[in-house]
Amino acid sequence: MKVAGSAVIGVQRDRVWAALQDPAVLVRTIPGCERLEETGPDTYRMTVNAGVASIKGVYQGEVALAEPRAPESFTLRARGQGAPGTVEATVLVRLSEIDGGTRVDYDADAVIGGMIGGVGQRMLGSVAKRTAGEFFSAVEGHLSASPPIPAAQTAPEAAPQTTPAAPAVYERPPARPAEPRPWALLAAFGMGAAAALAGVAVGRLLGRDTSGRRG
């Protein structure tokens, strides 16, 4: 299944890029995402509550951010499985400056198997685009509510650690339950972005300028 689309976020491109690279932002904005656990550089284990029509369930998967060209583009690769089926997707995400904000374009190529694969590409594609739109709206809302931190207020560089740090874990706050959505959307960024975003949850969400990502 192929899904392509775009969204406009009324925020400067460098901030959108940083958000789509930050797992703490993505876990809050990717529809259905409940948990991200760092397993390596720009690689995360993901738990998603998702479904299409009557086929719903919890998916476990992995998401990797690759080929970063800050702040212009990156590739998101996602794979996961659950009782309703399996998904493997590659999403190319491009960011461009426009008047008043940032345009995000995404092209997703996904292979879906199991019961969820029998739902039909038309329904999956429709839900994927709708969910991608929800993801980008959530990213814009998060950035609008969190003004950039002036350089003078940034935290000082951390002292060298003497013992290996434990893998970082990011969880969606319980006060913001996620509405089930297709796992295929996850690949659309979003996340993230996210990006986002799928399908897609470009969720990327969906998003190295790694100075904007929490380790």
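Quick caveat: nothing in here was measured; it's all calculated off a predicted structure. (Residues numbered from 1 in each chain as written. Predicted model: local features only at pLDDT ≥ 70, side-chain atom pairs only at ≥ 80, totals over all residues. Heavy atoms only, no water.)

Q: What's the story with the overall build of the chain in this structure? I'm lost.
A: A tally of helices and strands in the chain yields three helices and ten strands. Counted from the first residue to the last, the chain has its helices and strands arranged as β-α-α-β-β-β-β-β-β-α-β-β-β. A buried classification covers 49% of the 215 residues belonging to the chain. Of the accessible surface of the chain, which amounts to about 10,200 Å², a share of 51% is contributed by carbon and sulfur atoms. (Helix = DSSP H or I, 4+ residues; strand = E, 2+ residues; numbered from the N terminus. Buried < 20%, exposed > 50% of the residue type's maximum accessible area, 1.4 Å probe, protein only. Areas by Shrake-Rupley, 256 points an atom, 1.4 Å probe, with all protein chains shown as cover.)

Q: Help me understand the pairing of strand 6 (residues 85-98) in this model?
A: Residues in a regular strand project their side chains so that they alternate between the two faces of the sheet. When strand 5 (residues 73-82) meets strand 6, the two strands line up antiparallel, connected through ten bridges. The partner of glycine 82 across the bridge, within strand 6, is glycine 85. Of the strand pairs in this sheet, strand 6 and strand 7 (residues 101-113) are connected by 13 bridges, and their pairing is antiparallel. Counterpart to threonine 86 in the pairing with strand 7 is glycine 113. (Pairing = 2+ DSSP bridges.)

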